[in-house]
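Architecture and fold: a report
Here is what each chain is made of, one letter per residue.
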Amino acid sequence: YYYYGTYEFYSKVEKVLGSNINNLQSDNDRIVQVLTGHEEDTDTIAGLKSLYELNGYTFEELNITASAAFNAKAEVMLIAAPSQDYSDAEIKRIHEWMFNQGAYNRHLIVYVDPVADCPNLYELLDVEYGIQVTDELLYETDDNRKYNYAAYYPLCDVPSTKFTANSANTGKLATPIARRLTTTWASETSQENAIANLSTVLNNYPSSTQLITLQDFNASNAEGLFTPPAEQYPLTSMIAATINSYDNNTQKVAYGTVVVSGCPAMAYADFIQNGAFYNEELLLDTINSVTGHENSVTISNKILATDTVTFSASAQLVLGIGVFTVGIPVIVLAVCLIVFLRRKNL
């Protein structure tokens, strides 16, 4: 206000109330184990924490470089765009936690840094879960599908899948500096009822989207832009892989889900809270689907309505002195005087 003469009014009452109702309805702790210690993207962690804790999840950070054990009660492990690679021993710990002695029922969400080189982490995603992290970034050529007309800030679509019940075909996702992902596993639609490892593409980029290698991107070599073969479209930067197996102990099918995104910035608070984009809807859809909480109450973290009132300097003077300092007190005194005189004459 001191700089612009502007007030903004909004309320968090609905968010807090809905969040507490959600917590009362939950039948477990719904813990998200957040790994740190490898220069993760703190903005990604902060954005997801704000959204997910509002919706009944509990964030617990753990430095994987230390000796502390993972929380056995955690449903989800979050790896938020590390810029330093994991050691072989750390990769083994992550895989063993996910495998859970064959029982699974645990889920892994990974955001990969757009430009970092983490070969051990990428090998885990490829070998165990069929997801390949390429050395290519997405470049949008259609001005109607760019955020702020920036080619490296493409807007993409959400296809209809079991992970996107509330976000499919609803609007555009903002995906700044997005790294392309691919998968070698069969799609969920081709083997919907089979006990097998399946993959699901969670966002789509059309034929107007080109690619550039990290080498050309780092060298600012615009001539390195290229268009992949037509059969590779639509491109994607977010994939879910479902691991299915049979648990001999419980005599039931055991499964776990790994979700990988090549765009950590899609989870930044600025994009989650922006009503023009559907980042929030997809992020909530994804975690609720993998944990089996699809029918839970969802609480939006967007500022749905903001009323901005701006006064010029002269208007501030009139309102401050003329209305509030003089006008309203005079009116109140006049009303009180009238009431007093009428009562005196009764």
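The sections below set out a description of the structure shown in this document. (Residues numbered from 1 in each chain as written. Predicted model: local features only at pLDDT ≥ 70, side-chain atom pairs only at ≥ 80, totals over all residues. Heavy atoms only, no water.)

**Structural notes on the overall build of the protein chain**
Operational definition: Here a helix means four or more residues in a row that DSSP labels H or I, a strand means two or more in a row labelled E, and each is numbered from the N terminus. Exposure categories follow from relative accessible area, calculated using a 1.4 Å probe and restricted to protein chains: below 20% of the type maximum is buried, above 50% is exposed, and the middle band is partly exposed. Note on contacts: a residue pair is in contact if any heavy atoms of the two residues lie within 4.5 Å. Reported accessibility uses the Shrake-Rupley method at a 1.4 Å probe radius. Residues are deemed covered only where the shown protein chains occlude them.
Within the protein chain, the regular secondary structure consists of 8 helices and 15 strands. Residues counted as buried form 45% of the 346 residues belonging to the protein chain. Across the protein chain, contacts joining residues at least 24 apart in sequence account for 74% of those joining residues at least 6 apart. Summing over all exposed atoms, the protein chain offers an accessible surface of approximately 17900 Å²; the carbon and sulfur share of this is 53%.

**Here we look at the pattern of salt bridges**
Here is the rule: Put simply, a salt bridge is a Lys or Arg side-chain nitrogen that is within 4 Å of an Asp or Glu carboxyl oxygen.
Counted by the stated rule, this structure contains 5 salt bridges. Ionic pairing is found between Lys302 and Glu281, a salt bridge with its closest N-O pair at 3.0 Å. Taken together, the residues Lys302 in the loop between helix H7 (279-291) and strand S15 (307-310) and Glu281 in helix H7 connect sequence positions 21 residues apart. A network of salt bridges, in which partner residues are shared, links Arg145, Asp157 and Lys172.

**Some remarks on the sheet that holds strand S7 (residues 146-147)**
Defined as follows: Between any two strands, at least two bridges found by DSSP are needed for them to pair.
In spatial order, the strands read S7-S8-S9; together these 3 strands make up an open sheet with antiparallel pairing. Taken across any chain shown, the strands that pair with only one partner, and hence form the sheet edges, are S7 and strand S9 (173-174). Pairing between strand S8 (residues 150-156) and S9: 2 bridges, direction antiparallel. The residue bridging Leu155 from the neighbouring strand is Ala174, located in S9.

**Some points on the nonpolar core**
Definition in use: By nonpolar core we mean a set of buried residues, namely Ala, Val, Leu, Ile, Met, Phe, Trp, Tyr and Cys, connected to one another through side-chain atoms within 4.5 Å.
Residues Val32, Leu48, Tyr52, Leu78, Tyr111 and Leu283 are the most contacted members of the largest nonpolar core, which totals 39 residues. Elements supplying a minimum of two residues to this core: strand S2 (31-36), helix H2 (42-54), strand S4 (76-80), strand S5 (107-111), strand S13 (238-247) and H7. Discounting residues that sit within four places of it in the chain, Leu48 has contacts with Glu53, Phe59, Leu78, Tyr111, Ala267, Ile272 and Leu283. In terms of nonpolar packing, the next biggest core, distinct from the first, is built from 34 residues, Ile64, Tyr86, Ala116 and Trp185 among them.

**A few points about a nonpolar patch on the surface**
What counts, and what does not: Think of a patch as exposed residues, more than 30% relative accessible area, with no salt bridge, where like charges cluster within 9 Å and nonpolar side chains (Val, Leu, Ile, Met, Phe, Trp, Tyr) cluster within 5 Å.
Together, Ile331, Val335 and Val339 give the surface a local cluster of nonpolar side chains, amounting to about 250 Å² of exposed area. Relative to the helices and strands, Val339 is located in helix H8 (residues 313-345). A relative accessible area of 37% means that Val339 is categorised as partly exposed.

**Observations concerning the state of the cysteines**
As used here, a disulfide is simply a covalent bond connecting the sulfur atoms of two cysteines. Counted only if it meets this: Defined by distance alone, a disulfide is two cysteine sulfur atoms within 2.5 Å.
All told, the structure shown has 0 disulfides when counted by the stated rule. Cys156 takes part in no disulfide bond, and the closest cysteine sulfur to it belongs to Cys263, at a distance of 8.1 Å. Looking at Cys156, the relative accessible area reads 0%, which means it is buried.

**What to know about the packing of helix H3 (residues 88-99) against helix H4 (residues 119-129)**
Between two packed helices, the angle of one axis relative to the other and the distance separating the axes together describe the packing. Filter applied, for reference: In this analysis, axes come from line fits to C-alpha atoms, helices being fitted only over the stretch in contact, and the angle between any two N-to-C directions falls in the range 0 to 180 degrees. Here is the rule for handedness: rotate from the far helix to the near one, and if that takes an anticlockwise turn smaller than a right angle the crossing is left-handed, while a clockwise turn gives right-handed. Gly is placed with the polar residues, together with every amino acid not listed as nonpolar (Ala, Val, Leu, Ile, Met, Phe, Trp, Tyr, Cys and Pro) or charged (Asp, Glu, Lys and Arg).
At a minimum axis distance of 10 Å, the contact between H3 and H4 shows a crossing angle of 35 degrees. Considering how the two elements wind past one another, H3 and H4 form a crossing that is right-handed. In this structure, H3 uses Asp88, Ile91, Ile94, His95 and Met98 to contact H4, whose residues at the interface are Asn120, Leu121, Leu124, Glu128 and Tyr129. Its residues placed into classes, the contact of H3 with H4 shows 6 nonpolar, 2 polar and 2 charged.

**Quick notes on the side chain of Lys146**
What counts here: Polar contact is the term for a pair of N or O atoms within 3.5 Å; when the atoms are in protein, one must be able to donate a hydrogen and the other to accept it, and sequence-neighboring residues count only if both atoms are side-chain atoms.
Examined against the element boundaries, Lys146 turns out to sit in strand S7. Within polar-contact distance, the side chain of Lys146 engages the side chain of Asp143 at 2.8 Å.

**Focus on the sheet that holds strand S6 (residues 131-140)**
In space, the 3 strands of this open sheet follow the order S10-S6-S12, with antiparallel pairing throughout. Edge positions in the open sheet fall to strand S10 (179-183) and strand S12 (209-213), since each of these has one partner strand only. Put simply, the sheet's adjacent strands are angled 55 degrees from each other on average, direction ignored. Alignment of S6 against S12, held across 5 bridges, turns out to be antiparallel. If you follow Glu140 over to S12, its bridge partner there is Thr209. Sitting on the sheet, H4 is in contact with S6 and S10, with an inclination near 115 degrees to S6.

**What about the packing of aromatic side chains?**
Inclusion rule: Only rings of Phe, Tyr and Trp enter the pairing, Trp through its six-membered ring, and a pair is recorded when the two centres are within 6.5 Å. The plane angle decides the type: under 30 degrees is stacked, over 60 is edge-to-face, the rest tilted.
Tallied over the entire structure, the rule returns 9 aromatic pairs. Measuring from ring centre to ring centre gives 6.3 Å for Tyr52 and Phe59, while their planes differ by 45 degrees; the resulting arrangement is tilted. There is no split in this pair, since Tyr52 and Phe59 are both buried. Taking 5.1 Å as the distance between ring centres and 80 degrees as the angle between the ring planes, the aromatic pair formed by Tyr139 and Tyr152 counts as edge-to-face. Of this pair, Tyr139 sits in strand S6 while Tyr152 sits in strand S8, placing them 13 residues apart in sequence. In this structure Tyr139 comes out as partly exposed when scored by relative accessible area, which is 21%. In this structure Tyr152 comes out as partly exposed when scored by relative accessible area, which is 22%. Following the ring pairs from residue to residue traces out a cluster consisting of Tyr147, Tyr153, Phe271 and Phe277.

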